[in-house]
Amino acid sequence: MEKMDTSFIPDLPTGGPLEVYRKRANFDWKRLRLILEKEQGLRIKYKVWRRLESDPLFAHPSRTPPMDQQKRLAAMQVNRMKQLQLVPKEIESLSFSAKTKYLMEINQALASYSPSLSVKIALSVGLFNNAIRAMGTEKHKKYIEAAWNREVITCLAVTELSHGSNTKRIRTTATYDPRMQEFVINTPDFEAAKCWVGNMGKTATIAMTFANLITADGENHGLHGFLIPIRDPKTLISYPGVLVGDIGEKSGLNGIDNGFVVFTNYRIPLDNHLNRTGNVTPEGVYESVFTDPSQALGAALESFSAGRVGIMQEAANTLCSAAVIAVRYAAVRKQFGPERQGEEMPIIEYQLHQYRIFPILAAACVQKIAVEELSNTYLAIIAGSQDDSNGFDVLSQKAAEIHAIISASKPRLTWSARDAIQEARESCGGHGYLQASRLGQMRSDHDPLCTYEGDNNVLGQQASNWLLRQWNAKELETPIGSVKFLERRHQLLQLHYAQLVQQSPMDTWEFALSCYEWLLCHLMSRTSAHIETQLSSGVHRFEARNNAQVVGARQLSLAFAEYMALSGFVGHVRQLGVEQPYAEVLRLLYDVYAMWLLEQHMTMFYVGGFAVGGAFAGAVQERLLQSCAKLKDVAVSVADAIAPPDFALKSVIARADGLLYENLQNEFMTNEGAFQRPDWWRDVIIPQSQEKSKL
Ligand SMILES: Cc1cc2nc3c(=O)[nH]c(=O)nc-3n(C[C@H](O)[C@H](O)[C@H](O)COP(=O)(O)OP(=O)(O)OC[C@H]3O[C@@H](n4cnc5c(N)ncnc54)[C@H](O)[C@@H]3O)c2cc1C
């Protein structure tokens, strides 16, 4: 294993109640941290956290501010970014992948401090710039610079009131007027109002908007991107013809001003059309690099994949935070014990508790590595497609495969994080419900990640469609190799647990991966057969596919994402060649996560005939519980290796010092107004007779 410089990682407080478990680890948590995360990325994150911590604008308010204040604060924090100099000038000269990676690291650090802030920045810079690069041409590059300098505040307007997932049915129009060389933007009715658009509610000055491009002859050329100025950047007052407002309070992420807009005969110059894939000449002739307009839309929407990768990174970090809170709390919190009056046991010692929280810890570590691997693959493909002078090879085989992987993985990760937060909340009992535990806020802020940038259930269908295409194709199209195992489909479908455990015992990396290969083949075969049966009885393909979702397609895309994560982790660990104690802990984490996942699919292993009797289910459960028991002694150190600093984690019940009760006492005692009689005290006093009031 290469030499590691861990000196930039701040030490943890010593001597607190967590020390008992910290001492049991036979490895250095800082070195583990650098195995789970690349040094360069971690250095960037610590730099971001240090700068935020030292700036009073980023101090955590003691109470949740009113909605309007949250928006003001997040907007001011975005403006402060430039002064904080988080992005050095030198990154301009880096390659596309290196530069994007740098920005992604910053985003992750910001997201663990405040999701509202990171989403706002993504909308203002990252996503906007990606969209310009994917859809715009040279003349639009000035907007990238302007967005960096905050000369314009940007947003991405795709969703309409009555259409979200089905983007093809968006109805906003951009009609070209050759006389004035302008596009006229119209919202046909309120159902076509753009809505939910982040940054649009109060602040955005320019909206990157998807609208149907219509030429003077009345022909609709499908959806295209347009840069539509909506507010005066000097006054934030909207322009005539633009009715723009805020959609109101949300369940979380209230630092973001989500808005709606209605356009009425609103004119923009020809140059504001993002014309990389389809161009309109000044005379009004439409030219496209695609013959089918839906291909142009597909290429344009593909630019949002970077957003999905960012979402996965954020979800992996959320998993980490939830796991850290649950593990640190469990190591300190004591309840019950064998002797009635004797010492109580930390709840981390209970098997049931281990079974609830260790899969979260293991998932966090495995997914952290898997998402990093996936991000690298994604960036390499996009960089390749940008180098291609012909422009779009985005719809090539590689792009289709990575799109399928992302479409399966974004749902898997965001759902895992959603469930992990809830489990962590309950595992911390009542104190987990305290706002200061962070878990409630984390739950509300994470929740919409399951919906935006592609609703999970809809995205999952795109992944299963691709998988089923591979299943039925004469020739596999898997340049990334994600379904290379399908070459062995006939052998795999014959596989049984009894035979597998002989070939690859449970303590090999291959065991779980082979179980997954069988499961994926079975689900593809099952779903495909279900669709075929319906088609042959005259059912329309659309309906046949819909009716195959519950039977197998939904599970297929989730299982595919899990397989990708596990195999990504295994590939990475094998390459690393780490020393013994680190190899052991990585193996343990893999076992806990893999066995826990296999348990979730147990029914299908039996339904499909992979397993009979109780042996497989019993063996999986036994290995899971044994691995959890082994993980118990090192879990606190593993949590330390993935924990954001206290400042970013902001959880009173999971500080690195482990002083649970002292920190809670301080929280209760200093909580604003804790000892104040309420202003409304008279409203709760029921007038009493003289005699009784003496009581
Ligand atoms: C916090 C937040 C921020 C957002 N920011 C932006 C933004 O900046 N810009 C922007 O343009 N949009 C934004 N959105 C909108 C977001 O992109 C959409 O909400 C998302 O695309 C889902 O669309 P929808 O809400 O219309 O849901 P729908 O498409 O109506 O889906 C509703 C439900 O129906 C299910 N469903 C739909 N079709 C099928 C099917 N074929 N089979 C089975 N089930 C189906 C879905 O799974 C879902 O559960 C934001 C949303 C939120 C919550």
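If you're wondering where the values come from, they're calculated on a predicted model, not measured in any experiment. (Residues numbered from 1 in each chain as written. Predicted model: local features only at pLDDT ≥ 70, side-chain atom pairs only at ≥ 80, totals over all residues.)

Caption draft 1: Spotlight on the overall build of the chain. Counting its secondary structure elements, the chain contains 25 helices and 11 strands. Taken over C-alpha atoms, the radius of gyration comes to 27 Å for the chain, in line with the 26 Å a tight globule of 695 residues would show. When the backbone C-alpha atoms are referred to their principal axes, the chain occupies close to 90 × 85 × 60 Å. Classification of the 695 residues of the chain by burial places 47% in the buried group. (Helix = DSSP H or I, 4+ residues; strand = E, 2+ residues; numbered from the N terminus. Rg over C-alpha atoms; globule rule 2.2 N^0.38 Å. Buried ≥ 20, exposed ≤ 12 C-beta atoms within 10 Å, placed from the backbone.)

Caption draft 2: View of the site of the ligand. Taken together, 18 residues form the shell around the ligand, and within it Val 158, Thr 159, Gly 164, Ser 165 and Asn 457 come nearest. Here the element with the most residues in the shell around the ligand is strand β4 (residues 194-198); it accounts for three residues. Residues that form the shell around the ligand fall into these classes: 10 nonpolar, seven polar and one charged. (Near = placed C-beta within 6 Å. Nonpolar A, V, L, I, M, F, W, Y, C, P; charged D, E, K, R; others polar.)

Caption draft 3: Summary view of helix α12 (residues 439-446). Leu 439, Met 442, Arg 443, Asp 445 and His 446 are the residues of α12 that are buried. Against α6 (115-135), α9 (305-332) and α11 (397-427) lie the buried residues of α12. (Contact = placed C-beta atoms within 7 Å.)

Caption draft 4: Structural context of the nonpolar core. Grouped together as the largest cluster of nonpolar side chains are 200 residues, with contacts concentrated most on Ala 323, Leu 361 and Val 366. With 18 residues, α9 is the single largest residue contributor to this core. With sequence-adjacent residues up to four places away left out, Val 366 is seen in contact with Ala 565, Leu 566, Phe 569, Leu 589, Tyr 590 and Tyr 593. (Core = buried A, V, L, I, M, F, W, Y, C linked by C-beta atoms within 7 Å.)

Caption draft 5: Up close: the UniProt feature "active site" (unreviewed entry) in the chain. In the numbering adopted here, UniProt assigns the feature "active site" (unreviewed entry) to Glu 453. The exposure class assigned to Glu 453 is buried, which follows from the 23 C-beta atoms found within 10 Å. Aside from chain neighbours lying at most four places away, what touches Glu 453 is Phe 304, Gly 307, Arg 308 and Ile 311. (UniProt positions renumbered as here; feature names shortened; annotations may be inferred.)

Caption draft 6: Broad picture of the UniProt feature "domain: Acyl-CoA oxidase/dehydrogenase middle" (unreviewed entry) in the chain. UniProt's entry tags residues 155-265 with the feature "domain: Acyl-CoA oxidase/dehydrogenase middle" (unreviewed entry), counted in the numbering of this structure. In residues 155-265, helix accounts for 0% and strand for 43%; the two terminal C-alpha atoms are 21 Å from one another.

Caption draft 7: Spotlight on the domain arrangement of the chain. Looking at the chain, the domain boundaries give domain 1 (18-127 + 299-450), domain 2 (153-275) and domain 3 (456-632). Here the C-alpha centroids of domain 1 and domain 2 sit 31 Å apart. Domain 1 puts 21 residues into the contact, and the matching count from domain 2 is 18 residues. Elements with a minimum of two residues in the side of domain 1 that touches domain 2: α4 (67-84), α6, α8 (293-302) and α12. Tallying contributions element by element places α6 first for the side of domain 1 that touches domain 2, with eight residues. Tallied by class, residues from the side of domain 1 that touches domain 2 come to 12 nonpolar, five polar and four charged. (Domains from an automatic or database assignment.)

Caption draft 8: Region of the structure containing the packing of helix α2 (residues 29-36) against helix α22 (residues 635-642). Two elements in contact, α2 and α22, have axes whose closest approach is 8 Å; the angle formed by their N-to-C orientations is 55°. Taken together, the axes of α2 and α22 are oblique relative to one another. Every pair of crossing elements has a handedness; the one defined by α2 and α22 is right-handed. Residues Trp 29, Leu 32, Arg 33 and Leu 36 of α2 touch α22, and the partners they reach there are Ser 637, Val 638, Asp 640, Ala 641 and Ile 642. A per-class count over the contact of α2 with α22 returns six nonpolar, one polar and two charged. (Axes fitted to C-alpha atoms, helices over the stretch in contact; angles between N-to-C directions. Parallel < 35°, antiparallel > 145°, perpendicular 65-115°, else oblique. Left-handed = near helix turned anticlockwise from the far one by under 90°.)

Caption draft 9: The arrangement of unusual backbone geometry in detail. Even without being glycine, Asn 265 reaches a positive phi, approximately 40°. Within the fold, Asn 265 resides in the loop between β8 (258-263) and β9 (266-269). Positive phi is not limited to glycine here, since Glu 453 has a value of about 60°. Checked against the element boundaries, Glu 453 lands in the loop between α12 and α13 (456-472).

Caption draft 10: Representation of the sheet that holds strand β7 (residues 242-246) in the model. Ordered by their spatial adjacency, three strands build an open sheet running β4-β8-β7, and the pairing between neighbours is antiparallel. Taken across any chain shown, the strands that pair with only one partner, and hence form the sheet edges, are β4 and β7. Strand-to-strand twist of the sheet, defined as the mean angle between neighbouring strand axes without regard to direction, takes the value 30°. Relative to β8, β4 runs antiparallel, the two sharing three bridges. Considered in β8, the bridge of Val 197 is made with Gly 259. (Pairing = 2+ DSSP bridges.)

Caption draft 11: Here's a closer look at the confidence of the model for the chain. Of the residues in the chain, 95% reach a pLDDT of 70 or more, and the chain-wide mean stands at 94. Taken together, the chains of this predicted complex give a pTM of 0.96 and an interface ipTM of 0.99. (pLDDT = per-residue confidence, 0-100.)

Caption draft 12: Broad picture of the pairing of strand β3 (residues 182-186). Here strand β2 (residues 173-177) pairs with β3 via five bridges, running antiparallel. Following the sheet pairing, Thr 175 is matched in β3 by Val 184. Linking β2 back to β3 in an antiparallel pair, the connection comprises four residues, with Gln 181 at a positive phi of about 55°. In this sheet, β9 lies alongside β3 in antiparallel orientation, the contact comprising four bridges. By the bridge assignment, Glu 182 is partnered in β9 with Pro 269.

Caption draft 13: Structural context of the environment of Glu 53. Within the secondary structure, Glu 53 is located in helix α3 (residues 39-53). Separated by 60 residues in sequence, Glu 53 and Tyr 113 have C-alpha atoms that sit 9.8 Å apart.

Caption draft 14: Structural detail: the packing of α9 against α12. Packing of α9 against α12 brings their axes to within 11 Å, and their N-to-C directions diverge by 160°. Compared by their axis directions, α9 and α12 come out roughly antiparallel. Crossing geometry of α9 relative to α12 is assigned as left-handed. For the pair α9 and α12, the contacting residues are Thr 318, Ser 321, Ala 322 and Ile 325 in the first and Leu 439, Met 442 and His 446 in the second. Of the residues assigned to the contact of α9 with α12, the class counts are four nonpolar, three polar and no charged.

Caption draft 15: Broad picture of the environment of Asp 271. Assignment of secondary structure puts Asp 271 in the loop between β9 and β10 (278-280). Sequence separation between Asp 271 and Thr 137 is 134 residues; the distance between their C-alpha atoms is 9.8 Å.

Caption draft 16: Highlighting the environment of Tyr 286. When you line up the elements, Tyr 286 lands in strand β11 (residues 286-288). With 18 C-beta atoms counted inside 10 Å, the residue Tyr 286 sits in the partly exposed group. Sequence spacing of Tyr 286 and Leu 213 is 73 residues, and the spatial spacing of their C-alpha atoms is 9.4 Å.

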